[in-house]
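Spelled out from the first residue to the last, the chains are:
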Amino acid sequence: MRTRITQLLGIRHPILLPGMSWISTPELVAAVSNAGGCGILATGPLTAKQTRESIRKIRSLTDKPFGIGATLLMPGATDNAEVALEEEVPLINFSLGKGDWIVERVQKYGGKTLCTVVSEKHAKSAEAIGVDALMVTGHEAAAHGGEVTSLCLIPAIAAKTNLPIVAAGGFANGQGLMAAMSLGADAIAMGSRFATTQESPLAQTTKDAVVERSEADTIYSKNFDGLYARVMKTPAAIKATKSPTNPLVAAYNSFSAAQDFGIPLWKVIPGLLTQWDKMYMLSQFGGAMGAIQAAQEGDLDNGVQFIGQSQGLITDQPTVDELVQRVIAEAEAAHALNHDRFLEGEEKARAAA
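Here's a quick rundown of the structure. These figures come from a predicted structure and were not determined experimentally. Residue numbers restart at each chain and count upward from 1, following the sequence in its written direction. The predicted origin of the model limits local features to residues at a pLDDT of at least 70 and limits the giving and counting of side-chain atom pairs to 80 or more, whereas totals for whole chains, interfaces and linings rest on all residues. For the side-chain quantities, the full set of heavy atoms in the structure was used; hydrogens and water were omitted.

## Overview of the pairing of strand β6 (residues 133-137)
For every residue, the accessible area (1.4 Å probe, protein chains only) is compared with the maximum for its type, and the residue is labelled buried under 20%, exposed over 50%, or partly exposed between those bounds. To qualify as a helix, a DSSP run of H or I must reach at least 4 residues; to qualify as a strand, a run of E must reach at least 2; elements of each kind are numbered from the N terminus. A large share of β6 lies buried, amounting to five of its five residues. Of the two faces of β6, the one carrying Ala133, Met135 and Thr137 and the one carrying Leu134 and Val136 are both buried. Paired strands, in this sense, are two strands between which DSSP finds at least two bridges. Where strand β5 (residues 112-117) lies against β6, four bridges are found, and the strand directions are parallel. Its bridge partner lying in β6, Cys115 is registered against Leu134. In this sheet, strand β7 (residues 165-168) lies alongside β6 in parallel orientation, the contact comprising four bridges. Of the residues in β7, the one forming a bridge with Leu134 is Ile165. A right-handed crossover is one whose linking path, passing over the helix from the first strand to the second, runs clockwise when the strands point away from the viewer. Read as a crossover between parallel neighbours, the route from β6 over helix α7 (residues 150-158) to β7 is right-handed.

## Points about α7
Within the span of α7, buried status applies to Ser150, Leu153, Ile154 and Ile157. Each buried residue of α7 lies within a common arc of 95° when the element is viewed along its axis, so the set occupies one face. Packing partners of the buried residues in α7 comprise β5, α6 (120-128), β6, β7 and α8 (174-183). Here the arc refers to the set of directions running from the helix axis out to each C-beta atom. By definition in these notes, contact holds between two residues if any of their heavy atoms fall within 4.5 Å.

## A few points about the packing of helix α3 (residues 48-61) against helix α4 (residues 77-86)
Helix axes are fitted only over the stretch in contact, all axes being lines through C-alpha atoms; the angle between N-to-C directions runs from 0 to 180 degrees. Look at α3 against α4: their axes get within 9 Å of each other, and the N-to-C directions meet at 35°. In the crossing of α3 with α4, the sense of the turn from one axis to the other is right-handed. On α4, the residues that touch Ala48, Thr51, Arg52 and Ile55 of α3 are Asp79, Asn80, Val83, Ala84 and Glu86. A breakdown of the residues in the contact of α3 with α4 according to their chemical character gives four nonpolar, two polar and three charged. Here a crossing is taken to be left-handed if its near helix is turned anticlockwise relative to the far helix by less than a right angle, and right-handed if that turn runs clockwise. Any residue outside Ala, Val, Leu, Ile, Met, Phe, Trp, Tyr, Cys, Pro, Asp, Glu, Lys and Arg is labelled polar, Gly included; the first ten of those are nonpolar and the last four are charged.

## Concerning the environment of Pro18
Inspection of the secondary structure assignment puts Pro18 in the loop between β1 (15-17) and α2 (26-34). The exposure class of Pro18 is buried, given its relative accessible area of 15%. Taking the C-alpha atoms as reference, Pro18 lies 9.3 Å from Met135; in sequence the two are 117 residues apart.

## Concerning empty space enclosed by the protein
Any residue with an atom within 4 Å of a point lines the site, the site being either a cavity, points on a 1 Å grid over the protein atoms alone where a 1.4 Å probe fits but cannot get out, or a pocket, an open set with protein on both sides within 12 Å along at least 5 of 7 lines. Grid points are joined across faces, edges and corners, and a volume is the space filled by probe spheres set on the points. In total, this model carries one cavity of 30 Å³ or more according to the counting rule given. Counted as a void, the largest cavity has a volume near 30 Å³. Around the largest cavity, the lining residues are Ile5, Leu8, Leu9, Leu16, Leu91, Thr113, Leu114, Ala133 and Val166. The element best represented in the lining of the largest cavity is helix α1 (residues 4-9), accounting for three residues.

## What about the side chain of Gln305?
Take Gln305: it is sitting in the loop between α14 (276-296) and α15 (320-352). Overall, the relative accessible area of 3% leaves Gln305 in the buried class.

## So, the sheet that holds β7
The strand order around the closed barrel built from eight strands is β1-β2-β3-β4-β5-β6-β7-β8, with neighbouring strands paired in parallel fashion. Each strand axis lies, on average, 25° off the axis of its neighbour in the sheet, ignoring direction. Strand contacts of α2: β1, β2 (38-42) and β3 (66-71), with the helix running at about 165° to β2, the strand carrying the most contacts.

## What about the pattern of salt bridges?
Any Lys or Arg side-chain nitrogen located within 4 Å of an Asp or Glu carboxyl oxygen qualifies as a salt bridge. Applying the stated rule across the entire model yields 12 salt bridges. For Glu27, the salt bridge goes to Lys57, with nearest N and O atoms at 3.9 Å. Placement of Glu27 in helix α2 and of Lys57 in helix α3 is noted, with a sequence separation of 30 residues between them. The salt bridge involving Glu87 is made with Arg56; its shortest N-O contact spans 2.8 Å. Placement of Glu87 in the loop between α4 and β4 (91-95) and of Arg56 in helix α3 is noted, with a sequence separation of 31 residues between them. The buried category is assigned to Glu87, whose relative accessible area is 13%. Because the salt bridges share partners, they merge into one network encompassing Arg52, Arg56, Arg59, Glu86 and Glu87.

## Digging into helix α10 (residues 204-212)
The complete set of buried residues in α10 reads Thr206, Lys207, Ala209 and Val210. One face of α10 carries all of its buried residues, which in axial projection span an arc of 160°.

Structure follows, in structure tokens:
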């Protein structure tokens, strides 16, 4: 299948693995790239040193294109992006921050940039600074999807930009790939689906929980980590999303998160005093890290797992290569079926005329 994204990235299939903290590891990234897609390394939980080591690990596992993710709002993201630039990573996917400096540096070595957006405003801003493509994330997505569903958001943004689009949020099979193409996208990103493959480091208990649940078994709330996020519906998640974090607890979480990220406390205190809204959100994120990690290690009694509504489409745990080949076969079958339907409709119209 040939699209603007496959041509831009030099990949065989228009399928991407988004960067998911503690899940999109070098092994999973390489597996997706080796299967013909493009894997994106999650750098959120990594130090600059770990990011460099992970990039080099990926290169030892594949000679195919891959990327790294950088959530610029988060502590350490700028340092990790700097490492990726030094290592001349083929694709840098950034979000939640101004990435013009990344775009400029990537262009110098011939790499590509992918900006994650959830609105037309963000898409236009990204296009204005020269990004190569957009990852448009709909309401159905795991973690931080937007307010608008993929069904409406993708064609709305496709109509207002000339950039190639990677559709994210609700995609887990070949029918979804063809639907995304029909809406104006050039590829899909499948986070929840790749998280339940055999190569994924997600705990077996959590993988099994995904398979057992339906598309309705999720919660979308701002109370868990400071940003509107979709998580698996469990007793622990219901409790975690019931109400916002107490401000005093948030301040404590800010100090704890700073220690986790190696940030001196003297840098945190001014932020608490002058940029409370931002620091409050970051403190919620820092406070949520333990619960996220616990779920990914299999403790759903205390942990909270990011998951998309595509959870209801996940019924097994194949290898990455099996999944990619299946998605492409399903897409081809869906395309053929729709083609036959059009032909049948034209034949009936001519017969009636």
